[in-house]
Amino acid sequence: MISFDDGPYRFNYRIAGVAIRDGRLLLHRFPADAFWSLPGGRADAGETSEATLIREMREETGLTVTHARLIWIAENFFTYRDRTYHELGLFYAMELNTTGTAPFAGAEGHHTLEFRWFSPEEMDQVEVYPLFLRRAWQEPTQGIRHFVEQHIR
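Let me begin by describing the structure that accompanies this report. (Residues numbered from 1 in each chain as written. Predicted model: local features only at pLDDT ≥ 70, side-chain atom pairs only at ≥ 80, totals over all residues. Heavy atoms only, no water.)

## Details of unusual backbone geometry
And then number 1: That bond from Tyr129 to Pro130 is cis: its omega, -5°, falls within 30 degrees of zero.
And then number 2: Following the sequence through the fold, Pro130 ends up in the loop between helix H2 (120-123) and helix H3 (133-136).
And then number 3: One non-glycine residue, Arg81, adopts positive backbone phi at about 50°.
And then number 4: Structurally, the position occupied by Arg81 is in the loop between strand S6 (65-80) and strand S7 (83-96). (Helix = DSSP H or I, 4+ residues; strand = E, 2+ residues; numbered from the N terminus.)

Printed below as a string of structure tokens:
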């Protein structure tokens, strides 16, 4: 996995998927966290970003990615659990081989993950990161968009 420490920062190369079904966006979280984010994970050295997306979705949900298209690149600077991160993220619009929008459980190694589909109205009521996600998922995407976010506390 491409993640390393460099001075005060931990660098992550993260790939995430944007799945929308019936006007709802799929998010996930660890039950101990108060916030939600897009499902995905860190790439392994020598692994393409699309291969990372496919692997992470299979590992975390047991689902298969049936279509993927790169839509966003994000440079994200934030603090999480008293650690400062510099993250480079690639975000793919994706379709999964599942139907419905019921919440479901997944796993990250030995840790349980909660997966839930959120409507636009619900998105305004929950803590979600990165912040650009709150609005960007509802905007039509032509080409690839670039975001830079700084949330270092």
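## Remarks on the pattern of salt bridges
And then number 1: Going through the model one piece at a time under the given rule, you end up with 12 salt bridges.
And then number 2: The closest approach of N and O atoms between Glu56 and Arg55, which form a salt bridge, is 2.9 Å.
And then number 3: Taking the relative accessible area as the measure of exposure, Glu56 reaches 5% and is therefore buried.
And then number 4: The class for Arg55 is buried, based on a relative accessible area of 13%.
And then number 5: We note a salt bridge from Glu59 to Arg55, for which the minimum N-O separation is 3.3 Å. Pair noted here: Glu59 and Arg55 are both in helix H1 (residues 49-61), with a separation of four residues, about one helical turn. (Salt bridge = Lys/Arg side-chain N within 4 Å of Asp/Glu carboxyl O. Buried < 20%, exposed > 50% of the residue type's maximum accessible area, 1.4 Å probe, protein only.)

## Digging into the packing of aromatic side chains
And then number 1: For the structure shown, the criterion picks out 12 aromatic pairs.
And then number 2: Each ring, one from Trp36 and one from Phe118, has its centre 4.9 Å from the other, and the planes form 70°; the classification is edge-to-face. Taken together, the residues span a long stretch of sequence, with Trp36 in the loop between strand S4 (24-29) and strand S5 (40-42) and Phe118 in strand S9 (residues 111-118) at a distance of 82 residues.
And then number 3: Under the relative-accessibility criterion, Trp36 is labelled buried at 5%.
And then number 4: Ring pairs connect the aromatic residues Phe35, Phe78, Tyr80, Tyr85 and Tyr129, which therefore count as one cluster. (Phe/Tyr/Trp six-rings, centres within 6.5 Å; stacked < 30°, edge-to-face > 60°.)

## Thoughts on the pairing of S6
And then number 1: With 14 bridges connecting them, S6 and S7 associate as antiparallel partners. Bridged to Tyr80 within S7 is Arg83.
And then number 2: Connecting S6 to the antiparallel partner S7 that follows it, the hairpin turn spans two residues, and Arg81 within it adopts a positive phi of roughly 50°.
And then number 3: Pairing analysis gives seven bridges linking S6 to strand S10 (residues 145-151), with the strands arranged parallel. In the strand pairing of S10, Trp72 is matched with Arg145. (Pairing = 2+ DSSP bridges.)

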